[in-house]
Amino acid sequence: MEEIQEQQNNYWLDKSLETIRRANWYRSVREVSGLPGAIIELEGRRVINFASNDYLGLAGDPRLIDAAVAATKNYGTGSTGSRLLTGHRKLHRELEQAIASLKQTEDALVFSSGYLANLGTISALVGKNDLVLGDQYNHSSLKKGAILSQATAIDYAHCDMLDLAQKLHQHRANYRRCLLTTDSVFSMDGDLAPLPELLALASKYQAMVLVDEAHGTGVMGATGAGCLEYFGCRDREAAFFTNGKLIQIGTLSKALGSLGGYVAGSANLIDFLRNRAATWIYTTGLSPADTAAALAAIAIIKEEPAIRKQLWRNVNYLKQQISSTNLFPSESSIICLKFDTPKAALDRSQQLQEAGIFAPAIRPPTVPTSRIRLSIMATHEMQHLDTLIREIF
Ligand SMILES: *Cc1c(COP(=O)(O)O)cnc(C)c1O
């Protein structure tokens, strides 16, 4: 009996949790109530929300809610099986065609999440004899996708095209296929990948490029198509868009206010993924509600550029007002403030919460240096931004 007790006290799970706590890396979930938006109720207190990826404020938009409700009434709550086995709804194809139209690609494929889109796509495109070169700050799903693929995975220094060129020069010839992977907007930093230079290197070394536009779609570019549009790559690097070498990934769950992920690219790429991407083949199709909400969001993004313009007015206003040597360079709607220790970031975030501002601390192992991450929304009002400026800077 005593021995069992002893074992329980020393159980590795408890010991690991204790280690995580001691490092101030421990995480837990806070409860939010009401509709998503610029103001939310967090643990019973009204706060201005700087923690959301809902950049355009669409997740609480009545038009998305109505579309989701109508789809649920017409098609039920679940998709009841994988699309290949059970069949899919017209809505699924309509959404894929809307994504392809926004991205100006031949076709698109929706997955249950952006995470699964990356896992499934990378592991379908490359294998044991291949090479994946990824930015060191890439999202977890890109890194895990490379591991799952069993390709040789090598990181290059963050946004460092000299380092990437050197690694391509050194390793490319030893492998069959090569895939370059990068976030377009880096989700925990707010800076942008140098996509024109990256595409030029890919072309020179005959590599495929996977660009993850999770934080770019709906936000960056004249029509909200993302960073490839923002950098003018779609006109200049046309060859990449016709032969399936450029793979655009993203999520329906950030600016599109829904849930799910997508891949956009050439018709043969999408056809190949429908036949080879395990995280698409062996999983249930997107729910009618999520599909319809994302479709409504894309229509709004196309028809109402004013929402995106308002987001950028907010971002530019905030950037003009704040000056701190502790700011990470940002070219997006994500703004991060550096702290020396996880505890310092946590304490500051807690103080801000008490002052009515929800601004989460991001700590290792998510990022190398602790920070507070502010995510700006189109639906923030001037007074929300002024309160933030007063409290934080
Ligand atoms: C959020 C995010 C994902 C995951 O998307 P989900 O749809 O939330 O699974 C993938 N890549 C990047 C860069 C992200 O920021």
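Quantities reported herein were computed from a predicted structural model and do not represent experimental measurements. (Residues numbered from 1 in each chain as written. Predicted model: local features only at pLDDT ≥ 70, side-chain atom pairs only at ≥ 80, totals over all residues. Heavy atoms only, no water.)

Along the backbone of the protein there are 18 helices and 14 strands. Scaling as 2.2 N^0.38, a compact globule of 393 residues should have a C-alpha radius of gyration of about 21 Å, and the protein matches this with 22 Å. Principal axes of the C-alpha set define a box for the protein whose edges measure 55 × 55 × 55 Å. Burial statistics for the protein: of 393 residues in total, 54% are counted as buried. Here the protein holds 40 positive side-chain charges and 40 negative ones, and the gap between their average locations is 3 Å. (Helix = DSSP H or I, 4+ residues; strand = E, 2+ residues; numbered from the N terminus. Rg over C-alpha atoms; globule rule 2.2 N^0.38 Å. Buried < 20%, exposed > 50% of the residue type's maximum accessible area, 1.4 Å probe, protein only. Lys, Arg positive; Asp, Glu negative; His and termini not counted. Charge placed at Lys NZ, Arg CZ, Asp CG, Glu CD.)

Taken together, seven strands build an open sheet; the order of strands is β4-β10-β9-β8-β7-β5-β6 and the sheet is mixed. Unpaired on one side and paired on the other, β4 (107-111) and β6 (152-156) mark the two borders of the sheet. Adjacent strand axes in the sheet meet at a mean angle of 20° when their direction is disregarded. With five bridges joining them, strand β5 (residues 131-135) and β6 adopt parallel strand pairing. Within the sheet, the bridge partner assigned to Leu-133 lies in β6 and is Ile-154. (Pairing = 2+ DSSP bridges. Axes fitted to C-alpha atoms, helices over the stretch in contact; angles between N-to-C directions.)

Tallied over the full model, the rule gives one cavity of 30 Å³ or more. Along its surface, the largest cavity is lined by Arg-83, Val-110, Phe-111, Ser-112, Trp-280, Thr-283, Thr-284, Gly-285 and Leu-286. Looking at the lining of the largest cavity residue by residue, the class counts come to four nonpolar, four polar and one charged. (1 Å grid on protein atoms, 1.4 Å probe; cavity = no way out; pocket = protein on both sides within 12 Å on 5 of 7 lines; lining within 4 Å. Points joined across faces, edges and corners; volume = space filled by probe spheres on them. Nonpolar A, V, L, I, M, F, W, Y, C, P; charged D, E, K, R; others polar.)

The subject of this paragraph is the packing of helix α15 (residues 288-303) against helix α16 (residues 305-321). One can describe the packing of α15 onto α16 by two numbers: an axis separation of 5 Å at closest approach and a directional angle of 75°. On the basis of their axis angle, the class for α15 and α16 is roughly perpendicular. Residues Ile-300, Ile-301, Lys-302 and Glu-303 of α15 form the contact with α16, whose participating residues are Pro-305, Ile-307 and Arg-308. (Parallel < 35°, antiparallel > 145°, perpendicular 65-115°, else oblique. Contact = heavy atoms within 4.5 Å.)

Consider a sheet: its strands pair through backbone hydrogen bonds, and that pairing is either parallel or antiparallel. Spatial strand order, β1-β2-β3-β12: four strands in an open sheet with mixed pairing. Because the sheet does not close on itself, it has two edges, and the strands there are β1 (32-33) and β12 (357-358). Pairing between β1 and strand β2 (residues 39-42): two bridges, direction antiparallel. Its bridge partner lying in β2, Val-32 is registered against Leu-42. Against the sheet, helix α17 (residues 342-354) touches β2, β3 (45-49) and β12, its axis set at about 115° to β3.

Once that is clear, we can look at the site of the ligand. Lining the immediate surroundings of the ligand are 15 residues, of which Gly-114, Asp-212, His-215, Thr-251 and Lys-254 lie closest. For the ligand, an oxygen atom lies 3.3 Å from a polar atom in the side chain of Ser-253. Taken by itself the ligand offers 380 Å² of open surface, and the protein chains cover 86% of this. The greatest single-element share of the shell around the ligand, amounting to three residues, is contributed by helix α6 (residues 114-125). Taken together, the residues of the shell around the ligand sort by class into two nonpolar, 10 polar and three charged. (Near = heavy atom within 4 Å. Polar contact = N/O pair within 3.5 Å; in protein donor to acceptor, adjacent residues only side chain to side chain. Areas by Shrake-Rupley, 256 points an atom, 1.4 Å probe, with all protein chains shown as cover.)

So, on to the domain arrangement of the protein. Accessible area lost on assembly of the parts is the figure often given for the size of an interface. By domain assignment, the protein separates into domain 1 (27-55 + 333-392) and domain 2 (62-303). The straight-line distance from the C-alpha centre of domain 1 to that of domain 2 is 27 Å. In this assembly, 13 residues from domain 1 lie in contact with 13 residues from domain 2. Where domain 1 abuts domain 2, roughly 950 Å² becomes buried across the two surfaces, and 64% of that area is made up of carbon and sulfur atoms. By the criterion of area lost to domain 2, the three top residues of domain 1 are Asn-53, Tyr-55 and Ile-334, representing 43% of everything that side buries. Arg-371 is the partner of Asp-189 in a salt bridge, and the nearest nitrogen-oxygen pair spans 3.1 Å. Linking domain 1 to domain 2 there are four residue pairs in polar contact (both at pLDDT 80 or more). At the level of elements, β11 (334-338) and β14 (371-375) are the ones that each hand at least two residues to the side of domain 1 that touches domain 2. Partitioning the side of domain 1 that touches domain 2 into residue classes produces seven nonpolar, three polar and three charged. (Domains from an automatic or database assignment. Buried area = accessible area lost by both parts, 1.4 Å probe. Salt bridge = Lys/Arg side-chain N within 4 Å of Asp/Glu carboxyl O.)

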